[in-house]
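# What the coordinates show
Below are the chains, spelled out letter by letter.
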Amino acid sequence: MKVFAYPPQNKWESLIKRPTESFDAIEESVKGILESVKTKGDKALIELTKKFDKILVRELRVDEDTIQAAKKKIPVSLKNAIDAAYKNIYAFHTAQVGKTEKIETTPGVICWRTSIGIEKVGLYIPGGSAPLFSTVLMLGIPAQIAGCKEVILCTPPDKKGEINPAILNAAEKCGIKTIYTIGGAQAIAAMAYGTKTIPKVDKVFGPGNSFVMIAKQLVSVNGVAIDMPAGPSEVLVIADDSANASFVAADLLSQAEHGPDSQVILISTSNKLIESVNKEISIQLKNLPRKNIAEKALANSSAILLKTLHDAINFSNLYAPEHLILACKDEEKLSKSVVNAGSVFIGNYSPESAGDYASGTNHTLPTNGYARAYSGVSIDSFVKKVTFQKLTPEGLLKLGPVIETMAAAEQLQAHKNAVTIRINAIKKKKNV
């Protein structure tokens, strides 16, 4: 990785730029894909899959026999691992379900808020170069807990034109049986606009490459909600001389192997550690099956030497990483200064991979600096918060004058009348 020693703070902005920050080059292409699916439907999906995935898909929907057969195709050890991860993710997300509390704001005026599952949701699961069945759990479990009535899943085919059996197994475990062999921006378009085969949904979830990210953002202006702008993966590691260089290198490579447009950043107060990490990266890189992908990501990455951990956390908050690892002294204390991050991993024995798979937290997180304003996926992502209120006649008599005064001040006479007419009726009834 490129090394920057003690860059002044006025140079930090240039160092936090992502390799995908300029989308102009591909935005027109994505717009073309969206329009094609919108106008030609299933025909466009088949054509685009053949063009981008080099596969002729004859049936977009995966049949039940294929889903059931997937159970026999994965090792028992993997099936057990999926079960263990499911248990932890389910437990963590179930704890997020809040109770409905009724509040009497004024005597006779009762207000409350209820969470209601979004009726139709679409899950996008990357699966071309790497079958991310773990993402099925991360999206399927909260959808299941939230009580979404209709959940569909889109994922691209592999080189054989098939869907990895682990993805199908994880989907069935989450109660998802409506699965389509379609990926990329065209999958986002299909879920957003609907086709003859694929139903239109109310909200689209899932990470993906730059094409998928742009597609999600473009469809979101046409009445379809999205979880967040989740694009190419990234990690920032803050490490000092107490860190284990081999651990840090492994964490950096675990994100670099996601894709060539991923980015990894090391912030350290120790030049010796940076040198050791770079050596470790060279050693570990040799044995990675996705070595070429990781090397391209590393070309977009950097190691930055700063004077203090205070500077390091300030840089991190400016960068707003998807994943943040604190491999340094006083890591618990330092974690309290984190304000911008998707998910934080504290200490030398908390690898980012734990959150990716089985600790229980969700790995669908904001990237590209969006952690400054967005949270990762949770139960809240799959529900609507609907407010309710009920006023008794006595409650309206107490609160009515306040409403009338405010409505009159805003010159909204009909608003005032809606209260006044009721108050007069209540008073008339009482006199009778």
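Structure: see above.
Below you will find a few notes about this structure. (Residues numbered from 1 in each chain as written. Predicted model: local features only at pLDDT ≥ 70, side-chain atom pairs only at ≥ 80, totals over all residues. Heavy atoms only, no water.)

### A word on the pairing of strand E4 (residues 120-124)
With four of its five residues buried, E4 lies for the most part within the structure. Summarising the sheet, E4 and strand E5 (residues 150-155) pair through five bridges and their orientation is parallel. Each residue of the ladder has a partner; that of Val 121, found in E5, is Val 151. (Buried < 20%, exposed > 50% of the residue type's maximum accessible area, 1.4 Å probe, protein only. Helix = DSSP H or I, 4+ residues; strand = E, 2+ residues; numbered from the N terminus. Pairing = 2+ DSSP bridges.)

### With respect to unusual backbone geometry
Its identity as a non-glycine residue notwithstanding, Lys 54 has a phi of 60°, on the positive side. Secondary-structure assignment places Lys 54 in the loop between helix H3 (42-53) and helix H4 (64-70). Classification of Lys 54 by relative accessible area gives exposed; the value is 65%. Here the phi dihedral of Asn 368 falls at roughly 60°; this positive angle occurs in a residue that is not glycine. Considering the arrangement of structural elements, one finds Asn 368 in the loop between helix H15 (352-357) and strand E14 (383-391).

### Some remarks on the packing of aromatic side chains
The tally for this structure, following the rule as stated, stands at six aromatic pairs. Ring centres 5.7 Å apart and planes at 25° place the aromatic pair Tyr 86 and Tyr 90 in the stacked group. With Tyr 86 and Tyr 90 both in helix H5 (residues 76-94) and four residues apart, this pair spans about one turn of that helix. Among the residues examined, Tyr 86 registers a relative accessible area of 14% and is labelled buried. Plain terms: the ring middles of Phe 205 and Phe 382 are 3.9 Å apart, the flat faces sit at 5° to each other, and that makes the pair stacked. With a gap of 177 residues between them, Phe 205 in strand E7 (residues 203-205) and Phe 382 in the loop between H15 and E14 connect regions that are remote in the sequence. A relative accessible area of 0% means that Phe 205 is categorised as buried. Directly above the ring of Tyr 319 sits Arg 18, whose terminal nitrogen or CZ lies 3.6 Å from the centroid. One residue, Lys 173, lies across the ring of Tyr 86, its end atom 4.8 Å from the ring centre. (Phe/Tyr/Trp six-rings, centres within 6.5 Å; stacked < 30°, edge-to-face > 60°. Lys NZ or Arg CZ within 6 Å of the ring centre and 35° of its normal.)

### Structural notes on the sheet that holds strand E12 (residues 323-327)
Read across the sheet, six strands follow the order E1-E11-E10-E9-E12-E13 without closing on themselves; strand pairing throughout is parallel. Two strands in the sheet have a free side with no partner beyond their single neighbour: strand E1 (2-5) and strand E13 (343-346). Sheet twist, expressed as the average angle between the axes of neighbouring strands with direction ignored, equals 15°. Direction of pairing for strand E9 (residues 234-239) relative to strand E10 (residues 263-268): parallel, over a ladder of six bridges. Bridge pairing in E10 places Ile 238 opposite Ile 267. Along the sheet face, helix H13 (residues 309-319) touches E9, E10, strand E11 (302-305) and E12 and points at about 170° away from the line of E9. (Axes fitted to C-alpha atoms, helices over the stretch in contact; angles between N-to-C directions. Contact = heavy atoms within 4.5 Å.)

### A closer look at the nonpolar core
Of all hydrophobic cores here, the largest spans 39 residues; its most connected members are Val 121, Leu 123, Leu 137, Ile 176, Ile 179 and Phe 382. Residue assignment for this core shows that the elements contributing at least two residues are H4, H5, E4, helix H6 (133-146), E5 and helix H7 (165-173). Looking at this core element by element, the count peaks at eight residues for H6. For Leu 137, the residues in contact, after removing those within four places along its chain, are Ile 82, Ala 85, Tyr 86, Ile 89, Pro 142, Ala 170 and Cys 174. Of all hydrophobic cores here, the second largest spans 34 residues; its members include Ile 26, Leu 48, Val 57 and Ala 192. (Core = buried A, V, L, I, M, F, W, Y, C linked by side-chain atoms within 4.5 Å.)

### Digging into the environment of Ala 425
Along the chain, Ala 425 turns up in helix H17 (residues 413-431). A residue is classified by how much of its surface remains accessible, and Ala 425, at 43% relative accessible area, is partly exposed. Expressed as a C-alpha distance, the spacing of Ala 425 and Pro 393, which sit 32 residues apart in the sequence, is 9.7 Å.

### Details of the layout of surface pockets
Rolling a probe over the atoms, with the probe sized like a water molecule, indicates the empty space that remains. In this model, the second largest pocket occupies a volume close to 340 Å³. The set of elements that each furnish at least two residues to the lining of the second largest pocket consists of H4 and H7. At three residues, H4 tops the list of elements feeding residues into the lining of the second largest pocket. Residues of the lining of the second largest pocket, tallied by class, amount to nine nonpolar, four polar and seven charged. (1 Å grid on protein atoms, 1.4 Å probe; cavity = no way out; pocket = protein on both sides within 12 Å on 5 of 7 lines; lining within 4 Å. Points joined across faces, edges and corners; volume = space filled by probe spheres on them. Nonpolar A, V, L, I, M, F, W, Y, C, P; charged D, E, K, R; others polar.)

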